[in-house]
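# Observations on the model geometry
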Amino acid sequence: MIIIGMHRSGTSMLARVLHRAGIHMGVHRDHNFEAIHFLSINQRAMWASGADWDRPVVPDEAHFDQWSARELYAIHFQIRNRAQYIFCRMTDCSWGWKDPRNTFTLPHWLKVFPKARVVHLVRHGWDVALSLSRRNQVPGEVYSSMLDDPLNGFRLWNVYITQAMKYTNCQILHIRYEDLLEFDINTISRLEHFLERKLKIHLEKVLRKTLVRNVHYPIEIVENEWIKKFYPH
């Protein structure tokens, strides 16, 4: 399974939950719970296209490293020999990975893994923008000068969600980050059914944040089509 969604939208949290639930998110992961090998492939494809996470495009297919599905599976599990490969295939080795860049590289990954299930995690765009702006002030974290202005962060969120909503020809589930934080039973049930995994107990173990809702938004946020769709009230 593949997690997509804007940066600062809770995709790391969701990846941790799924890993605890038995969906293997990779042997080698960074501090954001991103499988290093898939992250590297995504980054190189974007860079080769003259893009990056804060000015994203859908990379040309020619810009991707050419790995087979079997090779990527072996890297993900660090499989060293045929016996290990056969063992993993015979057992319940469900797996996946998260990277917000998947939002733009998904067309490539669906060619490699056409049966993949996709989870799109959505967080309110203004909260994302404020989080990006705050992250810019943290030494050692990823920095993008344009995101000092939260309105630019919101516009970047809009680019990501617009791209994510274009995927209609695959198995995809759109859920809200806020609903997970509030343990919304309907959302959790939909996610459990989609991934065929019990998740509630793992959400309880991983979630530590309390949802704080903003009540005042700039007019550009209020009038945004995706805000109206996902946050109608």
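Structure first, text after, so check above.
Below you will find a few notes about this structure.

Calculation criteria
- Residues numbered from 1 in each chain as written.
- Predicted model: local features only at pLDDT ≥ 70, side-chain atom pairs only at ≥ 80, totals over all residues.
- Heavy atoms only, no water.
- Helix = DSSP H or I, 4+ residues; strand = E, 2+ residues; numbered from the N terminus.
- Buried < 20%, exposed > 50% of the residue type's maximum accessible area, 1.4 Å probe, protein only.
- Contact = heavy atoms within 4.5 Å.
- Phe/Tyr/Trp six-rings, centres within 6.5 Å; stacked < 30°, edge-to-face > 60°.
- Lys NZ or Arg CZ within 6 Å of the ring centre and 35° of its normal.

### Points about the environment of L39
Along the chain, L39 turns up in helix α2 (residues 36–48). Judged by relative accessible area, L39 falls into the buried class, the value being 9%. Residues L39 and R135, spaced 96 residues apart in sequence, show a C-alpha to C-alpha distance of 20 Å. Not counting residues within four places of it along the chain, the set of residues in contact with L39 comprises D30, E34, D99 and R101.

### Remarks on the packing of aromatic side chains
All chains considered together, the criterion is met by 13 aromatic pairs. Ring centres 5.6 Å apart and planes at 75° place the aromatic pair Y73 and W95 in the edge-to-face group. Within this pair, whereas Y73 is found in helix α3 (residues 69–77), its partner W95 is found in the loop between α4 (82–90) and β2 (97–98), the two being separated by 22 residues in sequence. Of the two residues, Y73 and W95, both sit in the buried class. Taking the ring centre of F33 as reference, the NZ or CZ of R29 above it sits at 4.2 Å.

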